[in-house]
Amino acid sequence: MSETHAEYADAWSEPEPPQPPAASPSAAATAPAVTPADASDAARLVSFGLQPKLLPARDAEYGELLRRYRENPAFARLADAVATGLGLVVLEVSPRAGMAVTAGEDSVFAVRMGDYARRASTDSADRFLHGLAHLAVAAMAFPRPEDLADDAYIGRLTVNGVDAFVRQACLRLEQRAEEQGENTDPASDAPGLEAAWRIYARRSATGATKDARRLAGSTTGIVGKAAAFLTDSGFLQRTGDEGGGSYRTTARYQLQVRDMAGSAAMAELLELGVVPVSDGSATLLPPPEGDDLELAADAGLPFHP
């Protein structure tokens, strides 16, 4: 082939793609590699996150792993992967909340409202009441969007205050049903809040026994059970006995409610306008006029239906 012919052939031929430079042995040696010890440490951090009452400030190992997560992106990705593999969602990793995780719907760590209610009562109707109690606690703890957005905000509530709030909401919903000519008898198989508010309104508030203990099936007993569960889960802290038991929220609970705040049931309960920002007492706001809401089902904070 002549030199001229070869020149034209080269011009029309496909150019070969540039080859990446070969990695030098020294570069390969310095690339970070995941070791079994790293995986163990990442899993250890996730295990700390599953202990909601444990704070990094009170455990040196937890605090060190938390610092490593925040300063080492590769370790953070590894810990996130471990959490994802366990069906957990990482809500926040910070000194105030530790490694705050919540269980996904299919996680082995997920708590089902049905299971929770069955442990508390043999009455299937109580499942709705327990769900409503948890929803009401969240609504009273963080009644405004800005409360959820403010990391320094601490919600306060009492068992009697939550019960009074729910009963006021039930009264408003019952009045609306009567005005619209709806059936006010609870259907035993009706889902979610539609059945729950009607059943709640007819349930005794205390039903105290002869020794003045409130019955587990009373509405304050159900709210008290919810508050105790949230306390055991690191979401609330008990602060006293007034009002049937008084509580304050934790950073972990704020993150949990923040994650669930988009639920229609919680939004509509807040829109009823009967819960003010308060110290947890039973003071209620008067209902605004002219609002028109539909009830939503599935009120199981922080549960999966």
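Coordinates for the structure precede this section.
A brief structural summary. (Residues numbered from 1 in each chain as written. Predicted model: local features only at pLDDT ≥ 70, side-chain atom pairs only at ≥ 80, totals over all residues. Heavy atoms only, no water.)

Further remarks concern the overall build of the protein chain. Across its full length, the protein chain carries 13 helices and 5 strands. A buried classification covers 42% of the 305 residues belonging to the protein chain. Once local pairs closer than 6 in sequence are excluded, the contacts in the protein chain between residues at least 24 apart make up 63%. Surface accessibility of the protein chain: about 16400 Å² in total, with carbon and sulfur atoms responsible for 53%. (Helix = DSSP H or I, 4+ residues; strand = E, 2+ residues; numbered from the N terminus. Buried < 20%, exposed > 50% of the residue type's maximum accessible area, 1.4 Å probe, protein only. Contact = heavy atoms within 4.5 Å. Areas by Shrake-Rupley, 256 points an atom, 1.4 Å probe, with all protein chains shown as cover.)

Relative orientation of the contacting elements helix α3 (residues 36-49) and helix α5 (residues 73-85) amounts to 60 degrees, with a least axis distance of 9 Å. By the angle class used here, α3 and α5 are oblique. As for how α3 packs across α5, the hand of that crossing is right-handed. When α3 is examined against α5, the residues Asp-38, Ala-39, Asp-41, Ala-42, Ala-43, Leu-45 and Val-46 are found in contact with a partner set consisting of Phe-75, Leu-78, Ala-79, Val-82 and Ala-83. In terms of residue class, the contact of α3 with α5 is built from 10 nonpolar, no polar and 2 charged. (Axes fitted to C-alpha atoms, helices over the stretch in contact; angles between N-to-C directions. Parallel < 35°, antiparallel > 145°, perpendicular 65-115°, else oblique. Left-handed = near helix turned anticlockwise from the far one by under 90°. Nonpolar A, V, L, I, M, F, W, Y, C, P; charged D, E, K, R; others polar.)

Quick look at the packing of helix α7 (residues 126-141) against helix α11 (residues 219-232) now. For any two helices packed against each other, the geometry is given by the interaxial angle and the distance between the axes. α11 packs onto α7 with a crossing angle of 60 degrees between their chain directions and a minimal axis gap of 9 Å. By the angle class used here, α7 and α11 are oblique. In the crossing of α7 with α11, the sense of the turn from one axis to the other is right-handed. Residues Asp-126, Leu-129, His-130, Ala-133, His-134 and Val-137 of α7 form the contact with α11, whose own contacting residues are Ile-222, Val-223, Lys-225, Ala-226, Phe-229 and Leu-230.

Moving on, we get to the pattern of salt bridges. Inspection of the entire model under this criterion finds 13 salt bridges. Lys-53 is the salt-bridge partner of Asp-232, the closest N and O atoms lying 3.9 Å from each other. Here the residue Asp-232 occupies a position in helix α11, and Lys-53 occupies one in the loop between α3 and α4 (60-71), the gap between them amounting to 179 residues. As a salt-bridge pair, Arg-167 and Asp-163 come within 3.5 Å of each other at their nearest N and O atoms. (Salt bridge = Lys/Arg side-chain N within 4 Å of Asp/Glu carboxyl O.)

Moving on: the sheet that holds strand β3 (residues 156-158). Strand order in the open sheet formed by 3 strands is β3-β5-β4, with antiparallel pairing between adjacent strands. Edge positions in the sheet fall to β3 and β4 (236-240), since each has one partner strand and no second. Between one strand axis and the next, the sheet turns through 30 degrees on average, direction left out of account. By the bridge criterion, 4 bridges tie β4 to strand β5 (residues 246-249) in an arrangement that is antiparallel. When the sheet's bridge partners are listed, Gln-237 is paired in β5 with Arg-248. (Pairing = 2+ DSSP bridges.)

Turning to the pairing of strand β1 (residues 88-94), a few remarks are in order. Bridge count between β1 and strand β2 (residues 98-103): 6 bridges; the pairing is antiparallel. Residue Glu-92 lies in a different strand from β2, and its bridge partner there is Ala-100. Counted along the chain from β1 to the antiparallel partner β2, the turn is 3 residues long.

With 35 residues, the main nonpolar core has Val-162, Val-166 and Tyr-253 as its most contacted residues. Looking at this core, the elements with two or more residues in it are α7, α9 (159-179), α10 (192-202), α11 and α12 (251-260). Counting residues per element, this core draws most heavily on α7, which supplies 10 residues. Not counting chain neighbours up to four residues away, the residues in contact with Tyr-253 comprise His-134, Val-137, Ala-138, Ala-141, Phe-142, Leu-230, Phe-235 and Leu-236. The next biggest cluster of nonpolar side chains, apart from the first, holds 20 residues, and it includes Leu-45, Tyr-62, Ala-76 and Ala-83. (Core = buried A, V, L, I, M, F, W, Y, C linked by side-chain atoms within 4.5 Å.)

Here we come to the packing of aromatic side chains. Under the criterion given, the structure shown has 4 aromatic pairs. The interplanar angle of 50 degrees and the centroid separation of 6.0 Å between the aromatic rings of Phe-142 and Tyr-153 together place this pair among those described as tilted. Of this pair, Phe-142 sits in the loop between α7 and α8 (145-149) while Tyr-153 is found in the loop between α8 and β3, placing the two residues 11 residues apart along the sequence. Each member of the pair, Phe-142 as well as Tyr-153, is classed as buried. (Phe/Tyr/Trp six-rings, centres within 6.5 Å; stacked < 30°, edge-to-face > 60°.)

Turning next to the side chain of Gln-254. Structurally, Gln-254 is set in helix α12. Using a relative accessible area of 1% as the deciding quantity, one classes Gln-254 as buried. A distance of 2.7 Å separates the side chain of Gln-254 from the backbone oxygen of Asp-150, its partner in a polar contact. Among all residues touching Gln-254, those that are not within four sequence positions of it are Arg-96, Phe-142, Asp-147, Leu-148, Asp-150, Asp-151 and Tyr-153. (Polar contact = N/O pair within 3.5 Å; in protein donor to acceptor, adjacent residues only side chain to side chain.)

All quantities given are derived from atomic positions and should not be read as evidence of function.
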